[in-house]
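Inside the fold
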Amino acid sequence: MRDHFLPFALPDMDEAEVAAVAEVIRSGWLTTGAKVRAFETAFAERVGARHAIAVSSCTAALHLALEAVGVSPGDRVITTPYTFATSGEVIRYLGAHPVFVDVRPDTLNIDPDQVAAALRRERAAAILPVHIAGEPCDLDALREVAGDTPIIEDAAHALPTRLGGRMIGAQSRVTCFSFYATKTLSTGEGGMLTTDDDAVADRCRIMSLHGISRDAWKRYTAEGSWRYEILAPGFKYNLTDIAAALGLVQLGKLDAMWRRRAELAARYDRAFAGCPELELPARGADNQHAWHLYMLRVDNDRLAGGRDALVTELRRRNIGASVHFIPLHLHPYYRETYGLQPSDFPIATREFGREVSLPIYSRMTDRDADDVIAAVHDSVAALRR
Ligand SMILES: Cc1ncc(COP(=O)(O)O)c(C=O)c1O
């Protein structure tokens, strides 16, 4: 058995990131400046979008995006319950209401047929799909049912993800990425919003920094002006140059980090393919999965104590397994505010009950992965009915 704990996630940073941050500190310019602009330019190019706006989190990006497309109090926004807190709360920030629709049983991504059914029942101001784990949603089907309703993608897990040959980041009105500590590109905290829509980009940029007229961040530079105008009550969502310096180095390593996670995923696939108690993560043959998460599904009938017992057994064997996600309709706030029952979204409820996520990050060695594999086999054997 492994003699020390393998964390569920670790960032992949080395002396290059340390040097980049040291350079920013020595420059004397810590907050939004040249590094943020360089990061935005490089990111926009990487995903093939006209605009990229760096912000303090994916949550901030989603809030700005919904605001920019006009989501207002009382509006409805269609989203998935199978997600993290963010996807629901950003809708509530604007006084709008989430309309949850169930997910597909294979990918756990929002089901376009359910979106179509919801749109037949009521008008929506936006649709907010989430690319769970890094496997893309069926955006072609979503676009078809959405018509004019703007799609705002939660791509917190989806870098670098491809749907068919196309990178996620330039396929909907707005796409929002996360650079949180556990994500596939990390700046500690941070996010990016990408769009091809000039008006949306303008609005998001202004609202990301107090609703102040363009280039407000330049007011302490030689070419900036002390004069500014507040055009709307905006937010304080800008990214720092310290974080952007990390982001630039991480972007340079993005493909190498992805290749390592893909290798680990393939290693897990091979190890668990013959295991009747476990179901492998779904992925489309033409897609590129980002492998932010490796989500197994457990056959609860075959294991004493089911998924919960498996997580406990893995932790006892020093493997930091986790569960993604407790669907939003099962949480007290959404349950009580909207009177939701577990049976309202039967697939999300059922699949949550049998999901377990294994560690998958580029700093993991083959030995680490083999320890995970051995612990899974060992735990399954211990719990097998
Ligand atoms: C699906 C999803 N959306 C959004 C977020 C929020 O990202 P951030 O922490 O950058 O706001 C997360 C964070 O883990 C997430 O899992």
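One can find the structure itself at the top, above this paragraph.
Below, the structure is looked at part by part. (Residues numbered from 1 in each chain as written. Predicted model: local features only at pLDDT ≥ 70, side-chain atom pairs only at ≥ 80, totals over all residues. Heavy atoms only, no water.)

With that out of the way, let us pick up the overall build of the protein. Each helix and strand in the protein was counted, giving 13 helices and twelve strands. The globule rule puts the C-alpha radius of gyration for 385 residues at 21 Å, and the 21 Å found for the protein is close to it. Expressed as lengths along the three principal axes of its C-alpha atoms, the size of the protein is roughly 70 × 55 × 35 Å. Residue burial in the protein is summarised as follows: out of 385 residues, 55% are buried. (Helix = DSSP H or I, 4+ residues; strand = E, 2+ residues; numbered from the N terminus. Rg over C-alpha atoms; globule rule 2.2 N^0.38 Å. Buried < 20%, exposed > 50% of the residue type's maximum accessible area, 1.4 Å probe, protein only.)

The subject of this paragraph is the sheet that holds strand β1 (residues 51-55). The four strands are arranged β1-β9-β8-β5 in an open sheet whose pairing can be described as mixed. Sheet topology places β1 and β5 (152-154) at the edges, where each strand pairs with a single neighbour. When the angles between neighbouring strand axes are averaged without regard to direction, this sheet yields 20 degrees. Looking at chain direction, β5 and strand β8 (residues 174-178) are connected through three bridges and run parallel. The partner of D154 across the bridge, within β8, is C176. (Pairing = 2+ DSSP bridges. Axes fitted to C-alpha atoms, helices over the stretch in contact; angles between N-to-C directions.)

Here E277 lies in the loop between α9 (254-272) and β10 (278-279). Reaching out from E277, the side chain makes a polar contact with the side chain of R384 at a distance of 2.7 Å. Those residues within four positions of E277 in sequence are excluded, and the remaining contacts are R297, V298, D299, R302, L303, V380 and R384. (Polar contact = N/O pair within 3.5 Å; in protein donor to acceptor, adjacent residues only side chain to side chain. Contact = heavy atoms within 4.5 Å.)

Turning next to the sheet that holds strand β11 (residues 294-298). If you walk across this open sheet you meet the three strands as β10-β11-β12, and the pairing is antiparallel. Each edge of the open sheet is held by one strand with a lone partner, namely β10 and β12 (355-358).

This part covers the pairing of β8. Most of β8 is tucked away, with five of its five residues classed as buried. Burial of the side chains of β8 extends over both faces: V174, C176 and S178 are buried on one face and T175 and F177 on the other. In this sheet, strand β9 (residues 191-195) lies alongside β8 in antiparallel orientation, the contact comprising four bridges. Within the sheet, the bridge partner assigned to S178 lies in β9 and is G191.

What follows is about helix α10 (residues 306-316). Those residues of α10 not exposed but buried are G306, R307, A309, L310, V311, E313 and L314. The elements touched by buried residues of α10 are β10, β11, α12 (346-352), β12 and α13 (366-383). Downstream of α10 by one or two residues, N318 has phi in the positive range, about 70 degrees.

With respect to spatial proximity, 15 residues lie near the ligand, and among them T59, D154, H157, S178 and K183 are the closest. A distance of 2.6 Å is found between a nitrogen atom of the ligand and a side-chain nitrogen or oxygen belonging to D154. Within the side chain of S178, a nitrogen or oxygen atom sits 2.7 Å from an oxygen atom of the ligand. The fraction of the free accessible surface of the ligand (390 Å²) that becomes covered by protein chains is 92%. The class makeup of the residues in the shell around the ligand is six nonpolar, seven polar and two charged. (Near = heavy atom within 4 Å. Areas by Shrake-Rupley, 256 points an atom, 1.4 Å probe, with all protein chains shown as cover. Nonpolar A, V, L, I, M, F, W, Y, C, P; charged D, E, K, R; others polar.)

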